[in-house]
Amino acid sequence: MVASRAVGSLSRFTASRMLRCPGYICRNFTRSSALLTRTHINYGVKGDVAVIRINSPNSKVNTLGQELHSEFIEVMNEVWSSSQIRSAVLISSKPGCFIAGADLNMLTACTTSQEVTQISQEAQRMFERVEKSTKPIVAAINGSCLGGGLELAISCQYRIATKDKKTVLGSPEVLLGILPGAGATQRLPKMVGVPAAFDMMLTGRGIRADRAKKMGLVDQLVEPLGPGIKPPEERTIEYLEEVAITFAKGLADKKISPKRDKGLVEKLTSYAMSIPFVRQQIYKKVEEKVRKQTKGLYPAPLKIIDVVKTGIEQGSDAGYLSESQKFGELAMTKESKALMGLYRGQTLCKKNKFGAPQKEVKQLAILGAGLMGAGIAQVSVDKGLQTILKDATLAALGRGQQQVFRGLNDKVKKKALTSFERDAFFSNLTGQLDYQGFEKADMVIEAVFEDLSLKHKVLKEVEAVIPDRCVFASNTSALPISEIAAVSKRPEKVIGMHYFSPVDKMQLLEIITTQKTSKDTTASAVEVGLKQGKVIIVVKDGPGFYTTRCLAPMMSEVIRILQEGVGPKKLDSLTTSFGFPVGAATLVDEVGVDVAKHVAENLGKVFGERFAGGSLEVLKQMISKGFLGRKSGKGFYIYQEGVKNKNLNSDINSILASLKVPSQPDVSSDEDIQYRLVTRFVNEAVLCLQEGVLATPTEGDIGAVFGLGFPPCLGGPFRFVDLYGAQKIVDRLRKYEAAYGKQFTPCQLLMDHASSPNKKFYQ
Amino acid sequence: MNQDLRMTSLLTYTLKNLPSTSQWALRFSMRPLSCSSQLQAATAVQTKSKQTLAKPNIRNVVVVDGVRIPFLLSGTSYKDLMPHDLARAALSGLLHRTSVPKDVVDYIIFGTVIQEVKTSNVAREAALGAGFSDKTPAHTVTMACISSNQAMTTAVSLIASGQCDVVVAGGVELMSDIPIRHSRRMRKMMLDLSKAKTLGQRLSLISKFRLNFLSPELPAVAEFSTNETMGHSADRLAAAFAISRLEQDEYALRSHSLARKAQDEGLLSDVVPFKVPGKDTVTQDNGIRPSSLEQMAKLKPAFIKPYGTVTAANSSFLTDGASAVLILAEEKALAMGYKPKAYLRDFMYVSQDPKDQLLLGPTYATPKVLEKAGLTMNDIDAFEFHEAFSGQILANLKAMDSDWFAQNYMGRKAKVGSPPLEKFNIWGGSLSLGHPFGATGCRLVMATANRLQKEGGQYGLVAACAAGGQVCHRSFIGASRKSFSWKQNRFIQEWLI
């Protein structure tokens, strides 16, 4: 429900790069046969150019691990010592991946920062030799070139990249809580300028090939080829190699200069950067911005600035040393463990555990063209799904269609799509008021108003027109799916698909299965969700499922804290400084006061006292005054179109004043307020796992972070318990339990973890 | 290599031209092979898969003759003219060549790509100016580089369906002048101004004027759907088929050499002289420039810089020109006393991915049209393929000769085979003769008809690639492609007896 910036950027990881390539081949052979035993790298010589091909076995991607590293050293030594070879081309044999980064397992296997520092230093040494190579080395890049892959590429004398959508260059280390540890902090600023280098390393954003060319990150572009004498991907790699060889020869013959002409702006920037005062100002500015955005919760960005600064001000020897040391320190932090855990979880949640469905979903129908319905349509049409969007009135339908168009058009403005592609995608959408064409639908997703009788009515209407194979999915945030399915003729085809608003920004999709939902139906839903680009958790049906159920007790606590006299602004700052991307009071406004009340009421009935806390009366009075949150323009804050700084809604004060409860001083310190919120959340999450609503802690963490904005630096409720210590959390719960009662009673699983310190959710 | 090729082709003509008394040849066609060259030729006639492509219950459509004004590099002698001037010259030339009575013509169709907005139905303006009856309807078609192919096949359909008996089809392109527009915002302001009623309204509109409204809008140089220029696409296509720069230059040199030879020998008989107002009479194409491989190798890539392979020398150039052909129902032609040059038989248009297969049309269309006609590659005596770029032609030849491509992209069991070069564009092609987008189709058809007549072949095949859109430097466009096969018979009277 809340877009989380830091987390959103995690999505930019494309390739799964944690696959460690198994099977280190033992070298029992003689030296001469060493060539045959290399598993990650092979090379051939074309004329006087060595073509070094990287191809990690049994993996879709190449990762920089120990084996690849040592084989690379071997090969490079042969290249450097051969008198026949005058230049080299470095290329991957895998389509869509140059090198996707360092092997994460290699880092997580380390137990001390010294070990990590050593890994960094080895890589630094190697890449320095590459950089100083007298035989020019050309990196031929097709596909993801991230992290260590980029660091290797920028050590080479020349870079040629394919202008393919899959070709992305970037330093995403910061998103894993670490820094580029193989020289990028020193080389990037020299190559693309300090501001651009900071931007790359601090945001971790991936850069497409054409942009990289403009920045000076790559020297030449190669267009991907269509069908010819071979399949396009294969021939494109071959062509890239051919082009790279001509450039390698040209560089060796000194016919081509590896230095590129800088534009006027670039020259001016680099001149400005030569003035110490300007540099200091830039460091200061960047540091301020980072501090503001991270609120001191993420150590990596500040260290990156520090290391870059050291390199520029004290020379590269000091820079490299600082880089490797800070790299080691960061790899040992809780934050990096949390972020790496999230990254792994994200990768896991992008797989379909249920296998391929019997029939691929090609025709989708969405009921309700509201914010959610249109959002679901938007993420479907641009993946090639034929989508019907149905609503009851032309006005509502028109609004929904416009939302889809605007979403696509925004991508055109950002140059992520061409206007032609936008139009072609928009043609996949059919807006209509009737059920025409539903007889061909493979899946219907209803996104009508959250009202059980309405959902029942819609379900019956739809079942009369859809074919037997068609899946009926309900997009609801709290109504139990089994209750919706109660009126279905074929409950095995009914499933819950809980999207988060705004659908095109929020990565999470919570899929809810009832006891009757068939495995094939689940497989279909997961497949559609993956196609839509979602990170998916699959949970069991129950009131509030997983995400809403965790959020509800925290929301209840939010209301109580407000009733106790803490202002919305203060509460917001307490929660954001704990790592939540959106403050708790703002969150209520974003979710919608009416929705919050609806959920609180429903779940309150089911779960009773555990979900009590704040008074529902606060929400009820707000609703009666029309303060529904952002959508009505007023909630705890006042929302005006075009106004960035939102002001408090002073009318709230009287409501809160009339419902004021006395605060209890011993549990009302700032820290206590933060922990009252978080521990209720965590306790409920662990209970969900205990009750089997959640299948794995990973899904619990992914759901909490990507759906609800749980602080990414904590890695999710389960990772938080592991890193913070179950005992400490239980202690806190007990303290609050003493003040407020059962709402804070720790659940059994949490207590089990507290009583046996070796028990961890992540082993 | 080109020398050899030319030799080979020459030998072929000689062989074919020897037994020109066909009745004799036909009569002996059942005889087994003998050493005599005459008999070999006779056997060649016999081995055709089909003796005729005539279909029952469908009218035969014939080309009586066709002409074109010389194709000139744009910016040369035609640069001050308008498109309808060129079209009119082609029509006048056709009238003169065929002596067709103007009032017999039922319909006139012209193809063009970049439209002059003043004469958007250029067919009608040119026909009126050339003195055709004002009672003869005329329309203009556009289909990128195959616009005049579309004009001709429209004519064929009109005749075959009995709607018309006599149709003039042609095409015209003037690249010396292209419509450059005011920007959209400027146009909008001008249109609003024309509607403004009071001085106040006008002033308030004018006050919104900004200097950048004056920046002009050029015709897009790229394919609308993909934003890629054709030269760029051709370069990628050549790379996809691993065609080297040298191969492309060699092919371009072949085209120029053959065109020069054909011009010198007077084989380009479809060219009619054009007295350009205020200038000298233009009598021949001026883009034929046989160069040397060394000189061609010096050129820098024109599109994919700095390492691409498509250069100005191995691409067709921007051209001004017009062409026209007279198409009749066979019985009408005979009744009027004409000796038609060729039958127009089967045709087919195909289209595919505008990004990666923009210029591969001939590969896709050729096997289909052959199948439709019931012929094989071996039956064809004359191939005329539009040469957009050397790389494009060579890619098509490679694709047609690849089982892998046929199986994976065309859904066919096996390749169709590439046309033998000794039968392929032997009087030059678009690379050397020029390529006025709208007019090239008629040139291809007349070159085929004239070659068949000259060499004594029976079947010819025309193919061209086209794109759906705009023009770019030294190249043109291709989105849908067509191919065209027909049977020609130089002994038309005998056949009719």
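Keep in mind the model is a prediction, meaning the values are calculated, not measured.

A. Here's a closer look at the overall build of chain B. Regarding its fold elements, chain B presents 18 helices and 13 strands. Looking at chain B alone, contacts between residues at least 24 apart form 80% of all its contacts between residues at least 6 apart. As displayed, chain B has an accessible area near 20,100 Å², and 55% of this comes from carbon and sulfur atoms.

B. Fine view of the packing of helix H4 (residues 83–98) of chain B against helix H5 (residues 122–129) of chain B. All names here are of chain B. Contact geometry of H4 with H5 gives a least axis separation of 8 Å together with a crossing angle of 55°. The angle between the axes of H4 and H5 places the two elements in the oblique class. Of the two elements, H4 crosses H5, and the hand of that crossing is right-handed. Contacts between H4 and H5 involve Pro83, His84, Ala87, Arg88 and Leu91 from the former and Val122, Glu125, Ala126, Ala127 and Gly129 from the latter. For the contact of H4 with H5, the class distribution of residues is six nonpolar, two polar and two charged.

C. Up close: the packing of aromatic side chains. According to the stated counting rule, one finds 26 aromatic pairs over all chains in the structure shown. For the pair Phe241 of chain B and Phe405 of chain B, a centre-to-centre distance of 5.7 Å together with 55° between the ring planes defines the contact as tilted. Remark: Phe405 of chain B occurs in helix H15 (residues 403–409) and Phe241 of chain B occurs in the loop between helix H9 (230–240) and helix H10 (245–264); sequence separation between them is 164 residues. Each member of the pair, Phe241 of chain B together with Phe405 of chain B, is buried. Aromatic ring contacts, followed pair by pair, group Phe578, Phe580, Tyr675, Phe681, Phe710, Phe720 and Tyr724 of chain A into a single cluster. Here the basic side chain of Arg560 of chain A rests over the ring of Tyr740 of chain A, its NZ or CZ set 3.8 Å away from the ring centre. Sitting over the ring of Phe744 of chain A, Arg680 of chain A keeps its end group 5.6 Å from the ring centre.

D. Here's a closer look at the domain arrangement of chain B. Parsing chain B into structural domains produces domain 1 (61–178 + 227–479) and domain 2 (184–217). Taking only C-alpha atoms into account, the centre of domain 1 of chain B sits 43 Å from that of domain 2 of chain B.

E. Seen up close, the domain arrangement of chain A. Here chain A is partitioned into domain 1 (41–332), domain 2 (363–532) and domain 3 (547–755). In this structure, domain 1 of chain A and domain 3 of chain A have C-alpha centres spaced 43 Å apart.

F. Here's a closer look at the interface of chain B and chain A. At the interface, 18 residues of chain B touch 18 residues of chain A. Together, the buried faces of chain B and chain A total about 1,600 Å²; carbon and sulfur atoms form 64% of this surface. On the chain B side of the interface with chain A, the three residues burying the most area are Ala240, Tyr307 and Trp404 of chain B, jointly 35% of the side's total. Taken together, chain B and chain A are joined by four residue pairs in polar contact (both at pLDDT 80 or more). Those elements giving two or more residues to the side of chain B that touches chain A turn out to be H9 and H15 of chain B. Looking at the side of chain B that touches chain A element by element, the count peaks at four residues for H9 of chain B.

G. View of the confidence of the model for chain A. On average, residues of chain A score 91 in pLDDT, and 95% of them reach the 70 mark or higher. Here residues 1–35 of chain A is modelled with pLDDT under 50, and outside its nearest four sequence neighbours on either side it reaches 87 contacts, counting other chains as well.

H. Structural context of the UniProt feature "site: Important for hydroxyacyl-coenzyme A dehydrogenase activity" (unreviewed entry) in chain A. Residue and element names in this part refer to chain A. According to UniProt, the positions carrying the feature "site: Important for hydroxyacyl-coenzyme A dehydrogenase activity" (unreviewed entry) are His498. Summarising the element assignment, His498 is placed in strand S16 (residues 494–499). By relative accessible area, His498 is classed as buried at 2%.

I. Spatial organisation of helix H32 (residues 748–755) of chain A. Residues and elements named next belong to chain A. Within the sequence span of H32, burial applies to Leu749, Leu750, His753 and Ala754. What you see down the axis of H32 is that its buried residues fit within an arc of 145°, all on one side. On its buried side, H32 packs onto helix H28 (670–690), helix H30 (717–724) and helix H31 (726–740).

J. Spotlight on the pattern of salt bridges. All names here are of chain A. In this structure the tally under the stated criterion is 68 salt bridges over all chains. Measuring nitrogen to oxygen at the nearest pair gives 3.1 Å for the salt bridge that ties Lys359 to Asp442. Placement of Lys359 in the loop between helix H15 (334–348) and strand S11 (363–367) and of Asp442 in the loop between strand S13 (429–432) and strand S14 (443–446) is noted, with a sequence separation of 83 residues between them. Here Asp442 falls in the buried class, since its relative accessible area comes to 6%. Between Glu671 and Arg732 there is a salt bridge, with the nearest N and O atoms lying 2.9 Å from each other. A residue pair is termed long-range when its members are at least 10 positions apart, and Glu671 in helix H28 and Arg732 in helix H31 qualify at 61 residues.

K. Structural view of the pairing of strand S5 (residues 166–173) of chain B. Residues and elements named next belong to chain B. Burial within S5 is extensive, with eight of its eight residues counted as buried. Because side chains alternate across S5, one face comprises the buried residues Val166, Val168, Gly170 and Val172, and the other comprises Val167, Ala169, Gly171 and Glu173, equally buried. Here five bridges tie strand S3 (residues 107–111) to S5, and the two strands are oriented parallel to one another. Residue pairing across strands places Ile109 opposite Ala169, the latter belonging to S5. Here eight bridges tie S5 to strand S8 (residues 319–329), and the two strands are oriented antiparallel to one another. Bridge pairing in S8 places Gly170 opposite Ala324.

L. Representation of the sheet that holds strand S2 (residues 49–54) of chain A within the structure. Residue and element names in this part refer to chain A. With mixed pairing, the six strands of this open sheet are ordered in space as S1-S2-S3-S5-S7-S10. Here the strands that pair on one side only, and so sit at the sheet edges, are strand S1 (41–46) and strand S10 (220–222). Strand after strand, the sheet turns through a mean of 20° between neighbouring axes, direction not considered. Across four bridges, strand S3 (residues 87–92) lies against strand S5 (residues 137–141) in parallel orientation. Counted as the bridge partner of Leu90 is Ala139 from S5. Strands in contact with helix H3 (residues 66–81) are S1, S2, S3 and S5; relative to S1, the strand with the most contacts, it is inclined by about 20°. Contacting S1, S2, S3, S5, strand S7 (158–162) and S10, helix H10 (residues 232–252) runs over the sheet at an angle of about 160° to S3.

M. Region of interest: the sheet that holds strand S17 (residues 508–513) of chain A. Residues and elements named next belong to chain A. Spatial ordering of the open sheet is given by S13-S12-S11-S14-S15-S16-S17-S18, a layout of eight strands whose pairing is mixed. Of all strands in the sheet, those bounded by a partner on one side alone are S13 and strand S18 (535–540). Geometrically, the sheet is characterised by an average inter-axis angle of 25° between neighbouring strands, direction not taken into account. In this sheet, S16 lies alongside strand S15 (residues 471–474) in parallel orientation, the contact comprising three bridges. Residue pairing across strands places Ala473 opposite Ile495, the latter belonging to S16. Running at roughly 120° to S18, helix H29 (residues 697–708) makes contact with S17 and S18 of the sheet.

What counts as what
- Residues numbered from 1 in each chain as written.
- Chains lettered and ligands numbered in written order.
- Predicted model: local features only at pLDDT ≥ 70, side-chain atom pairs only at ≥ 80, totals over all residues.
- Heavy atoms only, no water.
- Helix = DSSP H or I, 4+ residues; strand = E, 2+ residues; numbered from the N terminus.
- Contact = heavy atoms within 4.5 Å.
- Areas by Shrake-Rupley, 256 points an atom, 1.4 Å probe, with all protein chains shown as cover.
- Axes fitted to C-alpha atoms, helices over the stretch in contact; angles between N-to-C directions.
- Parallel < 35°, antiparallel > 145°, perpendicular 65-115°, else oblique.
- Left-handed = near helix turned anticlockwise from the far one by under 90°.
- Nonpolar A, V, L, I, M, F, W, Y, C, P; charged D, E, K, R; others polar.
- Phe/Tyr/Trp six-rings, centres within 6.5 Å; stacked < 30°, edge-to-face > 60°.
- Buried < 20%, exposed > 50% of the residue type's maximum accessible area, 1.4 Å probe, protein only.
- Lys NZ or Arg CZ within 6 Å of the ring centre and 35° of its normal.
- Domains from an automatic or database assignment.
- Buried area = accessible area lost by both parts, 1.4 Å probe.
- Polar contact = N/O pair within 3.5 Å; in protein donor to acceptor, adjacent residues only side chain to side chain.
- pLDDT = per-residue confidence, 0-100.
- UniProt positions renumbered as here; feature names shortened; annotations may be inferred.
- Arc of directions from axis to C-beta.
- Salt bridge = Lys/Arg side-chain N within 4 Å of Asp/Glu carboxyl O.
- Pairing = 2+ DSSP bridges.

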